[in-house]
Amino acid sequence: MRVDEVTLREFLHTSYPRLVAAVALVCGSRPAAEDAVQEALLRAWERSERGEEIESLNAWVTTVALNQARSGIRRVMAERRARSRLGHEPVVGTPTGDRIDVERALSTLPRPQRETLVLRYYLQLDTREVAAALGVNEGTVKSTLFRARAALADMLEQTRESDIATFVRIS
């Protein structure tokens, strides 16, 4: 497939918003997600201009955008480590509210679990497509999904118990 203006416009109208939202869930920042997806689209265009074909624009852009987001996360983490060595710790707010925020819940998971969940359930890719996007075996995707769902279930149960304890103290 060649990436031309028509293909790009169609992608922007159909896949772009959902992909940006998915990458934002993975990296925790909508602006960073937009940057990653736009960079991936630019690279797809450039690749096509050089005569290289892309089998599936959606899958290719998803993979490249996730790689971009990962690189951004690594840069942020390196910056945080450097700042902490200098004694400039960032202030992190404590979560409030009775409901679990999905983004907050996802952010507690290890990156591979978070990425796998987002690709499988948010972008509704099948396990084969998730495996291709992440560069892992389909069995790895299935086991990662199992562990991620278990971790989220434990988190939800702990929150429910905490809510019950709070209710008992108030009553």
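These figures come from a predicted structure and were not determined experimentally. (Residues numbered from 1 in each chain as written. Predicted model: local features only at pLDDT ≥ 70, side-chain atom pairs only at ≥ 80, totals over all residues. Heavy atoms only, no water.)

A. Spotlight on the pattern of salt bridges. Inspection of every chain in the model, using the stated rule, returns 8 salt bridges. Notably, a salt bridge pairs glutamate 115 with arginine 111, separated by 3.3 Å at the nearest N-O pair. Pair noted here: glutamate 115 and arginine 111 are both in helix α6 (residues 111-122), with a separation of 4 residues, about one helical turn. Since its relative accessible area comes to 34%, arginine 111 is described here as partly exposed. Taken together, the shared-partner salt bridges connect Arg47, Arg50 and Glu52 into one network. (Salt bridge = Lys/Arg side-chain N within 4 Å of Asp/Glu carboxyl O. Helix = DSSP H or I, 4+ residues; strand = E, 2+ residues; numbered from the N terminus. Buried < 20%, exposed > 50% of the residue type's maximum accessible area, 1.4 Å probe, protein only.)

B. Quick look at the packing of aromatic side chains. Taken as a whole, this structure holds 0 aromatic pairs when the rule is applied. In this structure, arginine 18 is placed above the aromatic ring of tyrosine 122, and the distance from its NZ or CZ to the ring centre is 4.8 Å. (Phe/Tyr/Trp six-rings, centres within 6.5 Å; stacked < 30°, edge-to-face > 60°. Lys NZ or Arg CZ within 6 Å of the ring centre and 35° of its normal.)

C. Spatial organisation of the layout of surface pockets. Size it by volume and the largest pocket reaches roughly 420 Å³. Lining the largest pocket are 17 residues, and of these Ser56, Asn58, Ala59, Thr62 and Leu125 lie nearest its centre. Counting only elements with at least two residues in the lining of the largest pocket, the list comes to α2 (16-27), α4 (57-86) and α7 (127-134). With 5 residues, the single largest contributor to the lining of the largest pocket is α4. Residues of the lining of the largest pocket, tallied by class, amount to 7 nonpolar, 6 polar and 4 charged. (1 Å grid on protein atoms, 1.4 Å probe; cavity = no way out; pocket = protein on both sides within 12 Å on 5 of 7 lines; lining within 4 Å. Points joined across faces, edges and corners; volume = space filled by probe spheres on them. Nonpolar A, V, L, I, M, F, W, Y, C, P; charged D, E, K, R; others polar.)

On their own, these measurements won't tell you what the molecule is for.
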